Amino acid sequence: MNIPSIPLGDWIESGLTWLTSEYSSVTRAISRFTQTGIDVLNDSLMWLPEWALLGLIALLCWKQAGVRLAIGAVAGLALIWNLGLWNPMIETLTLVVFATLVAVVIALPVGIAAALSNRLYRLIMPILDFMQTMPAFVYLIPAIPFFGIGSVSAIFATVIFSMPPAIRFTTLGIRQVPVELIEAADAYGATRSQKLFKVQLPLSLPTVMAGINQTIMLALSMVVIAAMIGADGLGSEVWRAIQRLRPGDGFEAGIAVVILAMLLDRLTQSLRKTRRS
Amino acid sequence: MDETRPVKIQVRGLSKVFGKQPKKALELRDQGLKRPEILDKTGQTLGLSNISFDVYEGELLVIMGLSGSGKSTLIRCLNRLIDTTEGDIIIDGENIPTLSEKALLECRRRHFSMVFQNFALFPHRTVRHNAEFGLEIRGVDKAERHQIAQNALTQVGLDGWEDAYPNQLSGGMQQRVGLARALANDSTVLLMDEAFSALDPLIRKDMQQELLQLQSKMQKTTVFITHDLDEALNIGDRIVLLKDGEVVQIGTPEEILTQPADDYVRRFIEGVDRSRILTAESAMRPVRSTARESDGPRTALHRMRDHTIDSIYVTDRDRRLIGLLEAESASKAIDAKSETISDHLSQDFRKVSPEEPLHNLFAMFGDKSYPIAVIDEQQRLLGVVVKGAVLDELARAGEQQ
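Residues numbered from 1 in each chain as written. Chains lettered and ligands numbered in written order. Predicted model: local features only at pLDDT ≥ 70, side-chain atom pairs only at ≥ 80, totals over all residues.

Another point: the UniProt feature "domain: ABC transmembrane type-1" (unreviewed entry) in chain A. In the numbering used here, UniProt assigns the "domain: ABC transmembrane type-1" (unreviewed entry) feature to residues 89-268 of chain A. When the span residues 89-268 of chain A is considered, its composition is 87% helix and 0% strand, and the gap between its end C-alpha atoms is 18 Å. (UniProt positions renumbered as here; feature names shortened; annotations may be inferred. Helix = DSSP H or I, 4+ residues; strand = E, 2+ residues; numbered from the N terminus.)

Structural data, given as structure tokens:
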């Protein structure tokens, strides 16, 4: 028996080729736009002297989460500075912040829509499963023909990989609003948008924030992978250490990623807690 | 009941079927089938069947039934939180089931405020912002709704709690916020869905009393849902008794107690009927204050004010009851420069012996607000019975069953 294999790969490839050639002007525009955004953010963060940025971050931590996180932030960032990884750290931070922003801007409306429409919910959930379970490397391959080597492709892959939790948690948060509160809003004659903005969104905010926190963590986990297609930052330090077989350098960059991750995690979690639930 | 009072809400032939083929269920209903058979045959639940009643302007109408009787469905049909299957609900000439989406919003804003069993306060809003909710939805400007909400909170005794969040309040206080939210909205009808059922018994009694006080001040048309007969008897001007989605009886508490429409109602009030062996003594309370016949009118009036009562029983030196002095007569006595109150006493009050069966007392109250005096053979004043206490005793007897 000789069952011919389904040429799934061929189909996807020709689809992607078609997309690339057909929409190259669009992708190029997106690419240029994104690159400018990244550069501006990156340059302004780097323009600040190290100690000034460190102070600003410590202040933010202190205001939002308290003295302990502020002390941790100072110690961690000082270590990164000392190791000579300040600039890669800024590049990584830029990448994560940018990717998270894009992901959240897409995820919030999609998540809200999926919460309010059952049909959309059934459509979106399997797509999210796909996005999350597909090995993240795979996204890098089409990203290159679309956006070329570099940060924009990295952000593209990072956004796709890290967006699902933000959508899921937004949907979950809105669906979890107790029925009786919806009833109360209805009983007083609230319109759909009044209900959304005065009741559903504020009440789902802690859950939405948890989703955004997850998105940030996933985005950070992509930095090393993104380095493979030429994104700068701590990831590329790790990548270089791998290629040169220098475990010491690798761990230094790795520890810097961990510090950044913990900082971002604690900071976003504290944002969530300061909201009253 | 006075049938000429203006009607606020007219409910006619209201039915509700839960399921996808309501027509079929209603056909079977018209053939005389009941809820369980219809469920068996069609998989449709007949939630409400052919309900008709009026809600009069300014009355407190209690809709009472056990769980599954359809009372929660019914109150939600009134403001169309649940869509009806057939029938009319007419409020000020508008038929709620036929309103457009937009007209419905307008109707809800103007006519209905709702108080919920589990309070349904918005946890992310302060007490004040909760109370303001209805006004905010209607687009009342900030300063004005601030003021209105403040007044409503004062009315329910929550002064000073404006900036607290609901989770910082006890259950009773949370429901006061729920009530303030409803009052601030100044709608024409107040819907209360098991509003006090989640509160513990003592607080519940307090809230009932407060609702009655508010009600006597505001005369707001109120539809109150409860599963508790005691509560229904205590606060209702009239009661609609529901069973399996149908109306069993409509009447005043007295009518329900004295002329139950069928065996179901009879069984329902059986606990209360136990009261026939209860006596005046069991519901009697000590007299808070009495006057002596030799007292001057000013002294008597002063005592009434101290105890916030508007009449006082007057006894002689041996505590024998000789009459009742009303605040008005006391004022007249002062004007007439009388030395004592003995010439201004009224005999227009009820007195009973401690052995008097409680159910007889019920009819005696009539429209009088004075408590009934309980006296012994020597005419000595032992205590008084107020209307609420009779109901308390009836209810307690019901619970003990």
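Okay, back to it.
Taken residue by residue, the interface counts 18 residues in chain B and 16 residues in chain A. Taken together, the elements giving at least two residues each to the side of chain B that touches chain A come down to helix H4 (101-111), strand S6 (112-115) and helix H6 (133-138) of chain B. Here the residues of the side of chain B that touches chain A sort into 11 nonpolar, five polar and two charged. (Contact = placed C-beta atoms within 7 Å. Nonpolar A, V, L, I, M, F, W, Y, C, P; charged D, E, K, R; others polar.)

This brings us to the nonpolar core. Judged by nonpolar contacts, the single largest core of 166 residues is most densely connected at A:Ala226, B:Ile63, B:Ala180 and B:Val385. When residues of this core are assigned to domains, at least three fall in each of domain 1 (7-245) and domain 2 (280-400) of chain B. In this view, B:Val385 contacts B:Ala280, B:Ala283, B:Met284, B:Leu361, B:Pro371, B:Ile372, B:Val374 and B:Val390; residues no more than four positions away in its chain are not counted. (Core = buried A, V, L, I, M, F, W, Y, C linked by C-beta atoms within 7 Å. Buried ≥ 20, exposed ≤ 12 C-beta atoms within 10 Å, placed from the backbone. Domains from an automatic or database assignment.)

If a residue is not glycine, its phi is most likely negative; likewise, a peptide bond is most likely trans. Residue and element names in this part refer to chain B. The phi dihedral of Ala120 falls on the positive side, at around 50°, and the residue is not glycine. Mapped onto the fold, Ala120 is located in the loop between S6 and helix H5 (127-131). You will see that Asp186, though not glycine, has its phi angle at about 45°, which is positive. Its place among the elements puts Asp186 in the loop between helix H8 (171-184) and strand S7 (189-193).

The subject of this paragraph is helix H7 (residues 136-147) of chain A. Residue and element names in this part refer to chain A. Given a rise of 1.5 Å per residue, 12 residues ought to cover 16 Å, and the 17 Å separating the end C-alpha atoms of H7 matches this to within 8%. Turning to H7, its buried residues are Tyr139, Pro142, Ala143 and Phe147. Along the axis of H7, the buried positions cluster into a sector of 115°, meaning they face one direction only. Residues of H7 that are exposed and angled more than 90 degrees away from the buried face: Phe137 and Val138. Contacts from the buried residues of H7 go to helix H1 (8-22), helix H2 (24-47) and helix H8 (151-175). Taken from the residues just after H7, Gly148 is the one with a positive phi, measuring 80°. (Expected span 1.5 Å × (residues − 1). Arc of directions from axis to C-beta.)

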